[in-house]
Amino acid sequence: MDSRTTHHDRILADLRDRITGGVWPPGFQLPFETVLAEQHGVSRMTMNKVLGQLTREGFLVRRKKLGTFVAQPMAQAAVMAITDIEAEVRALGLPWRFALTLRDLRPPRPDEIQTACIDGAAPVLALQGLHYAGDQPFCHESRIINPVSAPAALTQDFRTIAPGQWLLREIPWTSADHRIRAINAPAPIARALALAAGEACLEVTRRTESAGQWVTLVTQTYPGSRHQLVSRFTPDER
């Protein structure tokens, strides 16, 4: 080991390896801070700094009066890709299902007309539902579909297939716009996701087109503590 490695760095690497290597699985409760400090021959202050850093990195969750636990793995979605939520959930090793909670053929709302760049007030197919990871709500979805671009959607049973999966399979999209923002969950969405009202969430709104005609506008809302967006970039070629 490098002589310049500090006790802090050594313990940090050791605990991180226990988590990533599965020795301490998600949900595992760590020994008390004083016990860990004694085991590693360091002060409680040093151990507190180690646990604090692992918490900031997302490896641990510290719960007042309960203790320190290994965090559940966070779902990851590519920033620019149109992702399959089922694939995201199954990547966590959990079963996925979609529950349709609303289906309505109605005129578009003014905010939808503006965001989706809708020309006119022809009816849209409005859908809402929940994606589940195991028994836990994973993502709330609110979507409108253009029946002109996707007429078969009017007769499709979205209780048997999620709208996003069906659209990816049936309608070849040619362009998409994303808007990503942090929000405080409104009460209806908080209830659906089993969160406290106002809890931090990640909201992804996406509009897709096919041959210059809008196809769908969807807003997907994730609990902020259980989801992150990732992307990989390379330098532009000159």
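Refer to the structure presented above.
Residues numbered from 1 in each chain as written. Predicted model: local features only at pLDDT ≥ 70, side-chain atom pairs only at ≥ 80, totals over all residues. Heavy atoms only, no water.

> Whenever I open this one, the packing of helix α2 (residues 33-40) against helix α3 (residues 44-56) confuses me. Can you help?
Two quantities define a packed helix pair, namely the angle between the axes and the distance from one axis to the other. Running from N to C, α2 and α3 point in directions that differ by 110°, and their axes come no closer than 9 Å. Overall, the two elements α2 and α3 adopt an arrangement that is roughly perpendicular. From α2, E33, T34, L36, A37 and H40 reach across to α3, where they touch R44, M47, N48 and L51. Considered class by class, the residues forming the contact of α2 with α3 number four nonpolar, three polar and two charged. (Axes fitted to C-alpha atoms, helices over the stretch in contact; angles between N-to-C directions. Helix = DSSP H or I, 4+ residues; strand = E, 2+ residues; numbered from the N terminus. Parallel < 35°, antiparallel > 145°, perpendicular 65-115°, else oblique. Contact = heavy atoms within 4.5 Å. Nonpolar A, V, L, I, M, F, W, Y, C, P; charged D, E, K, R; others polar.)

> How should the side chain of H140 be read in this particular structure?
Mapped onto the fold, H140 is located in strand β6 (residues 136-145). Look at H140 and you get buried, because its relative accessible area is 8%. Sequence-distant contacts of H140, defined by excluding residues within four places in its chain, comprise Q128, G129, L130, I189, A192, L193, T219, Q220 and T221. (Buried < 20%, exposed > 50% of the residue type's maximum accessible area, 1.4 Å probe, protein only.)

> Just checking my understanding: could you explain helix α1 (residues 7-20) for this structure?
Along an α-helix, residues three or four positions apart point the same way, because every turn accommodates 3.6 residues. Given a rise of 1.5 Å per residue, 14 residues ought to cover 20 Å, and the 20 Å separating the end C-alpha atoms of α1 matches this to within 8%. Within α1, burial applies to I11, L12, L15 and I19. On an axial view of α1, the arc spanned by its buried residues comes to 105°, and they lie on one face. With respect to the buried face of α1, the exposed residues turned more than 90 degrees away are D17 and T20. On the buried face of α1, the contacting elements are α2, α3, β1 (60-63) and β2 (67-70). (Expected span 1.5 Å × (residues − 1). Arc of directions from axis to C-beta.)

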